[in-house]
Amino acid sequence: MTWFIVDTTYTTDRERLLASRPAHREYLSGLVGTGTVVAAGPWADDLGGMFIASVADRAELDALLAEDPYRRDGVVAAQSVREWKPVLGKLAEQASQ
């Protein structure tokens, strides 16, 4: 599996963000249930958020991102995706299995 960190900056349209948030959280909760997303949440200032995903490859991640209600509803102002290699902690143990 390949690990990715997805860092999202939200639109400045707070009404759009708050309207889309329940569907976005439900979507990510489903991915947590399958083990695809291992952690997710907004930054403390609520101007964006991040999640950690474990997927087969970038193409699988891109397909998941395309289905995210935040993307569909125009909440994503910018998004950074970086492949990540956990070497310490519980996620590192999972990555080595």
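Up top you'll find the structure we're talking about.
The numbering scheme is per chain: residues are counted from 1 as the chain's sequence reads. Local features in this predicted model are restricted to residues whose pLDDT is 70 or higher, and side-chain atom pairs enter the listing and the counts only when it is 80 or higher, whereas totals over whole chains, interfaces and linings include all residues. Note that water and hydrogens are dropped before the side-chain values are worked out from all heavy atoms of the structure.

Okay, the overall build of the protein next. In terms of helices and strands, the protein carries 4 helices and 4 strands. Starting at the N terminus, the α and β elements of the protein follow one another as β-α-β-β-α-α-β-α. If one aligns the C-alpha atoms of the protein with their principal axes, the spans along those axes are about 45 × 25 × 20 Å. Note on classification: 1.4 Å probe, protein chains only; a residue is buried when its accessible area is under 20% of the maximum for its type, exposed when over 50%, partly exposed between these limits. Within the protein, buried positions represent 34% of all 97 residues. Should any heavy atoms of two residues lie within 4.5 Å, those residues are counted as being in contact. Once local pairs closer than 6 in sequence are excluded, the contacts in the protein between residues at least 24 apart make up 71%. Averaged over its 10 positive side-chain charges, the protein has a centre that lies 3 Å from the centre of its 14 negative ones. Here a helix means four or more residues in a row that DSSP labels H or I, a strand means two or more in a row labelled E, and each is numbered from the N terminus. Charge assignment in this entry is limited to Lys and Arg as positive and Asp and Glu as negative, and neither His nor the chain termini are counted. We put the charge of a Lys on NZ, of an Arg on CZ, of an Asp on CG and of a Glu on CD.

This next bit is on the pairing of strand S2 (residues 37-42). Pairing between strands is defined by DSSP: at least two bridges between the two strands are required. With 5 bridges joining them, S2 and strand S3 (residues 48-55) adopt antiparallel strand pairing. Note that in S3 the partner of Ala39 across the bridge is Ile52. Hairpin connection of S2 to S3: 5 residues between the antiparallel strands, including Asp46 at a positive phi of 55 degrees.

On to the nonpolar core. The tendency in soluble globular proteins is for nonpolar side chains to be buried as a group. We call a set of buried residues a nonpolar core when its members are Ala, Val, Leu, Ile, Met, Phe, Trp, Tyr or Cys and they connect through side-chain atoms within 4.5 Å of each other. Membership of the largest hydrophobic core is limited to 11 residues, which are Phe4, Val6, Leu28, Leu31, Val37, Phe51, Ala53, Val55, Leu61, Leu64 and Leu65. Mapped onto this core, the elements with two or more residues apiece are strand S1 (2-10), helix H1 (14-33), S3 and helix H2 (58-67). Once you skip the residues sitting within four places of it in the chain, Val55 turns out to touch Met1, Thr2, Phe4, Thr36, Glu60, Leu61 and Leu64.

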